[in-house]
Each structure stands twice: as C-alpha cells, then as structure tokens.
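Each chain, letter by letter, is given below.
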Amino acid sequence: MAQFSQKIKRIGVFTSGGDAPGMNAAIRAVVRVGIAQNLEVYGIQNGYVGMMENKIYPLQLRDMANIIQRGGTILKTGRSAEFMKAEGRVKAAQNLKAAQIDALVCIGGDGSFRGAHALWEEHHIPVVGVPGTIDNDIFGSDKTIGFDTAVNTALEAIDRIRDTAASHDRLFIVEVMGRNSGFIASHVGLAGGAEEIFTPEGNTTVEKAVDRIKEAIGRGKTSSILVTAEGQKPGRAYDLADAIRKKSGMDAKVCILGHQQRGGSPTAADRILASRMGAAAVDSLLKGYCDIMIGTEGERLVQVPLDLVTKNEKKSQLDLLSLASILAT
Ligand code: F6P
C-alpha cells in the first residue's frame, strides 16, 4: 500500500465509468466528512474528461442536500479514451496542480481505477478508489455500490414478467446487464426463481436449457423464465431465443432490461455502503494512504492496493447457479 507524507488541504472527488445508484451518497459522504475534517472539497465533472477540460468546482455542505436518495451522479460521469494515453493524464495532472488539488477520491469501476493508479505512478497525485458499478465485478470488494439496487430493480421486473408468463403459459428470456460478469444474472436468477441462468462464468447450454424446460413441462410446469447476462453486447437474449426455437420449436419471448438497471433510487444497503466507503476514503487520505481502493470483506471495510484490484478478475459464484437450478424444479 502506497503512502505519502505531504499534508493535504484540498481534495477532489469525481465519478467515472458507468453510473451506479448510490454514487451520490458516496459523493455526499466524501464532501461532508472532508469538510468536517477541515478539508476543502472540489468536485470534478464528467470524470477524467472534466479533469482534462478543467471542470473543477468547489463543493459546499449545502450542495449535498437531497441527493442521498437520488440515482445517477450529480457530478456526471464519462469514459475517456484520451485519458488512457499519457498525454491526456499530463493535461489532467496540470489542471489538478493548478487548482491546488492535493489528493483525489475516484468513485468508479476497474477502468477508472487503472487511470487512478496511473495518476499516482506518473504524477504522484494520491488517489483512493471507491468501487461504484452495478456489475459488482471489482476484485478486492465483496460488494460494489449500485449492485444491490440493480439486482432489486431487475428482480421487480422479473416478478412482473412472471405474472404474464404464468397467465399465457409462456417461456421468457430476460437479459440483464453485466457485460463480462454474471453477478447480476446469478443473483437475479436465484432470487427470481429462474429455470436456467446463462452467465459468462457458468457452463449451461441451449441443449441443457431445452432439456430442463421439457422436463419441467413433463412435471406440469406451464411457464418458465430464463435469465441471461448480456455478454459483450446487448441482444444475446435474441440469439438464445433463436437457438431455442431451432432446437426445440419452442417460442420464447425476449425482454432486455437494459439501462433501467442503472437508474433509480438506491436501496438502503447501497446508501449505507456508499456512505461508509466515501467516509473511509477520506479517512485513508488523511492518514497518508493512497493508490488503494476501499473494499468490503463481509461487513468489514478493507484497503486494497489498486495494482491488485486492476490486475485480478472477480468471478461470480457458480454455487448460486447450481442452487437456482435445484430450487427451480
Ligand atoms: O459497467 C456497467 C454497465 O452497465 C454494464 O453492465 C454494461 O455492459 C455497460 O455498463 C453499458 O455501458 P454503456 O452505458 O456505456 O452502454
């Protein structure tokens, strides 16, 4: 874990990558804990894009009013190809130094943390990361901000789909977000009673799914729900529906939940996680620790070097898939 010795007076906070419900609660914690510790806190708009474009503004206690319950991020966010290049980071570092920002809190996912790690390595700007992504795919933290809300949003949708699936005796394929990781799919699938769950980590196939659905029909089941993670690009559910039709002649309705999983009011669990992590990030900077992420191990907050976070992958649990499969008989 890296340490720095210079005294910090002014910190910057920004959100980066895909937004996640609870990011505002994390910003609020950074600002209010920072000010309580006699720091000045500045917000950087649109993540690394705003850092390069000098969109850096002071934040006050009252700017944080009425945001704990709001989804999205009041600081806005972005993904930046320019910042991935050394010249982009030089521009950002110059702006931060001109604004006398001594240290940063970065709320985002692993791509954002790669940028944060580079800022420390190349420009000696101390950064602490707070994991905010609905995907929950950050190594070093059991939970990320936004995951619980996204799972509950998707679950609510599945419960509604179940009503209509049962009324019409239909097969549905519900596609959830998660790109290369199956956390949302496995949690939503288990909690929503899905017959089969397709994740990048799992090994289910169209053949297995068709067999299971046929067996279930044989036992008197009249409707089924399959859950799939989106994969590299949304639309995987349509491919699955096609494959199932070709294999079995069964017709499957497709429902892609998409970006609605990213919005909405954060659950209590996400607000609490975000508040604790935001506060811990400021506390770590005040103690001179940087180049780390605040993660969770069970209920405990931990500090994990960014190097480890960005070089390792976190896989979703396969045991949830096998349990869901037994329970959906
Ligand atoms: O990383 C969060 C996430 O919502 C993924 O689940 C999804 O694949 C991706 O972002 C979508 O990104 P964008 O909003 O840029 O389309």
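Now for a quick tour of the structure. Everything numeric here is computed off the predicted structure, so don't read it as measured data.

1. A closer look at the overall build of the protein chain
- In terms of regular secondary structure, the protein chain is built from eleven helices and 13 strands.
- In the protein chain, once contacts between residues fewer than 6 apart in sequence are set aside, the share between residues at least 24 apart is 75%.
- Of the accessible surface of the protein chain, which amounts to about 14300 Å², a share of 50% is contributed by carbon and sulfur atoms.
- In the protein chain, 39 positive and 37 negative side-chain charges are present, and the distance between their average locations comes to 3 Å.

2. Considering the site of the ligand
- Surveying the vicinity of the ligand reveals the residues Arg-79, Thr-133, Ile-134, Asp-135, Met-177, Gly-178, Arg-179, Glu-230, His-259 and Arg-262.
- Between an oxygen atom of the ligand and a side-chain N or O atom of Arg-79, the distance comes to 3.0 Å.
- Contact between the ligand and His-259: an oxygen atom at 2.8 Å from a side-chain N or O atom of the residue.
- Surface burial for the ligand is 76%, taken as the share of its 400 Å² of free accessible area covered by protein chains.
- Applying the majority rule of atoms within 2 Å of the grid points places the ligand in the largest pocket.
- Residue composition of the shell around the ligand, grouped by class: two nonpolar, three polar and five charged.

3. Section: the sheet that holds strand β7 (residues 171–176)
- Taken in spatial order, the four strands line up as β8-β9-β7-β10 in an open sheet, and their pairing is parallel. A strand with exactly one partner marks an edge of an open sheet, and here the two such strands are β8 (196–198) and β10 (252–256). Sheet twist, expressed as the mean angle between neighbouring strand axes with direction ignored, is 20°.
- Against the sheet, helix α7 (residues 206–218) contacts β7, β8 and β9 (224–229), and its axis sits at roughly 165° relative to β8.

4. What about helix α11 (residues 318–327)?
- The set of residues buried in α11 consists of Leu-320, Leu-321 and Ala-324. Along α11, the residues classed as buried sweep out an arc of 100° about the axis, all on the same side. Of the exposed residues in α11, those oriented more than 90 degrees away from the buried face are Asp-319 and Ile-326.
- Summarising the contacts, the buried residues of α11 are in contact with α6 (183–191) and β8.

5. Topic: helix α5 (residues 147–168)
- In a regular helix each residue adds 1.5 Å, so 22 residues correspond to 32 Å; α5 covers 31 Å between its end C-alpha atoms and thus fits that length.
- What α5 keeps buried is the set Phe-147, Thr-149, Ala-150, Val-151, Ala-154, Leu-155, Ala-157, Ile-158, Ile-161 and Ala-165.
- Trailing α5 by a residue or two, Asp-169 shows a phi angle of about 55°, which is positive.

6. Some details on the layout of surface pockets
- Space inside the largest pocket adds up to approximately 630 Å³.
- If you trace the largest pocket, you find 30 residues lining it, with Gly-18, Arg-79, Asp-110, Asp-135 and Arg-179 closest to the centre.
- In terms of residues, the lining of the largest pocket owes the most to one element, helix α4 (residues 110–123), which gives four residues.
- Residue composition of the lining of the largest pocket, grouped by class: six nonpolar, 15 polar and nine charged.

7. Quick look at the environment of Gln-261
- Within the secondary structure, Gln-261 is located in the loop between β10 and α9 (268–286).
- We classify Gln-261 as buried; its relative accessible area is 0%.
- Along the chain, Gln-261 and Val-176 lie 85 residues apart, while their C-alpha atoms are 8.0 Å from each other.
- The residues touching Gln-261, leaving out its near neighbours within four places in the chain, are Ile-134, Ala-150, Thr-153, Ala-154, Val-176, Met-177 and Ile-184.
- Reaching out from Gln-261, the side chain makes a polar contact with the backbone nitrogen of Met-177 at a distance of 3.1 Å.

Here is what the cut-offs are and how they apply
- Residues numbered from 1 in each chain as written.
- Predicted model: local features only at pLDDT ≥ 70, side-chain atom pairs only at ≥ 80, totals over all residues.
- Heavy atoms only, no water.
- Helix = DSSP H or I, 4+ residues; strand = E, 2+ residues; numbered from the N terminus.
- Contact = heavy atoms within 4.5 Å.
- Areas by Shrake-Rupley, 256 points an atom, 1.4 Å probe, with all protein chains shown as cover.
- Lys, Arg positive; Asp, Glu negative; His and termini not counted.
- Charge placed at Lys NZ, Arg CZ, Asp CG, Glu CD.
- Near = heavy atom within 4 Å.
- Polar contact = N/O pair within 3.5 Å; in protein donor to acceptor, adjacent residues only side chain to side chain.
- 1 Å grid on protein atoms, 1.4 Å probe; cavity = no way out; pocket = protein on both sides within 12 Å on 5 of 7 lines; lining within 4 Å.
- Sits in = over half its atoms within 2 Å of the grid points.
- Nonpolar A, V, L, I, M, F, W, Y, C, P; charged D, E, K, R; others polar.
- Pairing = 2+ DSSP bridges.
- Axes fitted to C-alpha atoms, helices over the stretch in contact; angles between N-to-C directions.
- Buried < 20%, exposed > 50% of the residue type's maximum accessible area, 1.4 Å probe, protein only.
- Arc of directions from axis to C-beta.
- Expected span 1.5 Å × (residues − 1).
- Points joined across faces, edges and corners; volume = space filled by probe spheres on them.

In short, geometric facts, not functional conclusions.
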